[in-house]
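Breakdown of the fold
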Amino acid sequence: ETGVTQTPRHLVMGMTNKKSLKCEQHLGHNAMYWYKQSAKKPLELMFVYNFKEQTENNSVPSRFSPECPNSSHLFLHLHTLQPEDSALYLCASSRNRGTRADTQYFGPGTRLTVL
Amino acid sequence: AQKVTQAQTEISVVEKEDVTLDCVYETRDTTYYLFWYKQPPSGELVFLIRRNSFDEQNEISGRYSWNFQKSTSSFNFTITASQVVDSAVYFCALSRYDGNNRKLIWGLGTSLAVNP
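The paragraphs below set out a description of the structure included in this document. Only a predicted model underlies this, so the values are computations on that prediction, with no experimental measurement involved. (Residues numbered from 1 in each chain as written. Chains lettered and ligands numbered in written order. Predicted model: local features only at pLDDT ≥ 70, side-chain atom pairs only at ≥ 80, totals over all residues. Heavy atoms only, no water.)

1. A short note on the state of the cysteines
A covalent bond bridging the sulfur atoms of two cysteines is what the word disulfide describes. Selection rule: Disulfide: a pair of cysteine sulfur atoms within 2.5 Å of each other. Only DSSP runs of H or I reaching four residues or more are called helices, and only runs of E reaching two or more are called strands; each is numbered from the N terminus. Partly exposed residues are those whose accessible area sits between 20% and 50% of the maximum for their type, while under 20% is buried and over 50% is exposed, using a 1.4 Å probe and protein chains only.
Under the defined criterion, the tally for this structure stands at 2 disulfides over all chains. Here A:C23 engages in a disulfide with A:C91; their sulfurs sit 1.9 Å apart. On the sign convention where negative means left-handed, the S-S torsion of about -75° between A:C23 and A:C91 marks this disulfide as left-handed. Residue A:C23 is found in strand 3 (residues 18-25), and its partner A:C91 is found in strand 9 (residues 87-94); the two are separated by 68 residues along the sequence. The two residues A:C23 and A:C91 agree in class, both being buried. What pairs with B:C23 in a disulfide is B:C92, and their sulfur atoms sit 1.9 Å apart. Residues B:C23 and B:C92 share a disulfide whose torsion about the S-S bond is about -65°; that sign makes it left-handed. Taken together, the positions of B:C23 in the loop between strand 3 (19-21) and strand 4 (24-26) and B:C92 in strand 10 (residues 88-97) put the pair 69 residues apart, joining distant regions of the chain. On the basis of relative accessible area, B:C23 is assigned to the buried category, the value being 0%. Unpaired in terms of disulfides, A:C68 finds its nearest cysteine sulfur in A:C91, a separation of 9.0 Å.

2. Quick word on the environment of B:E59
All names here are of chain B. This is how the line gets drawn: Should any heavy atoms of two residues lie within 4.5 Å, those residues are counted as being in contact. Under this definition, polar contacts are N or O atom pairs within 3.5 Å; protein pairs additionally need one hydrogen-donor-capable and one acceptor-capable atom, and for neighbouring residues in sequence, both atoms have to be side-chain atoms.
Relative to the helices and strands, E59 is located in strand 7 (residues 59-61). Assessed through its relative accessible area of 33%, E59 is described here as partly exposed. Between the alpha carbons of E59 and Y33 there is a distance of 15 Å; along the sequence they are 26 residues apart. Setting aside residues up to four positions removed in sequence, E59 forms contacts with I49, R51, Y64, S65 and W66. At a separation of 2.4 Å, a polar atom in the side chain of E59 contacts the side chain of R51.

3. Here's the deal with the interface of chain B and chain A
Interfaces are frequently sized by the accessible area removed from exposure as the parts join. Stated formally: Accessible-area loss on putting two parts together, using a 1.4 Å probe and summing over both, is the definition of buried area adopted here. Salt bridges are identified by distance alone: a Lys or Arg side-chain nitrogen within 4 Å of an Asp or Glu carboxyl oxygen.
Taken together, the contact between chain B and chain A spans 19 residues of the former and 25 residues of the latter. Both sides of the chain B and chain A interface together cover about 1900 Å² of buried area, and 52% of this is carbon and sulfur. When residues of chain B are sorted by the area they lose upon contact with chain A, B:E44, B:R102 and B:W106 head the list and together hold 31% of the total. Remark: the boundary between chain B and chain A carries 1 salt bridge. Across the pair B:K103 and A:E56 runs a salt bridge whose closest N-O atoms are separated by 2.3 Å.

Structure, rendered in structure tokens:
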């Protein structure tokens, strides 16, 4: 299943800019996730939404602001980022966060560079 | 501690060779799930397999096979007759419940290069 799309695929922004990342899933799932992937580090879970409600925020700085208007769409609003925020940002979805066997399906990611 | 170790950082093979990617995990849970994902250069993490802790049968899917051994806490992945298209980073992950939420614990990945 490859029904998770992300836009833009690449983004370069200055530290004072405001931008948003968009994720859309076409799988009929109820849970959506934002991950950050940096070189030489394990995948970092940032936020989780289940049935549009945020269920997890893993101590992410407030310069990252998620929004989930419905179960199919997830946004990550970015403002006043730092160069160390440069990374690949991956969106994922799964059927239901509460089930043990829940499998996450990922989008292609947004490669973010902060200058 | 809950942990996933992929000791091989990078592997390079020649096409048609068999290659095994190791995954060793640590968990105190009696029920858990293990996953393998593939990340090609395009960036998308592609789900390959999910295995629960009660099912130790090996699995084969085409050129891919997985060997789950609870006794050694390992869930190794073998690609038979590798192809250039298999070049990617492969991640092993462990799913566990922390009392509040279900979490995936990820390994650091093994970068596989299959050369023609």
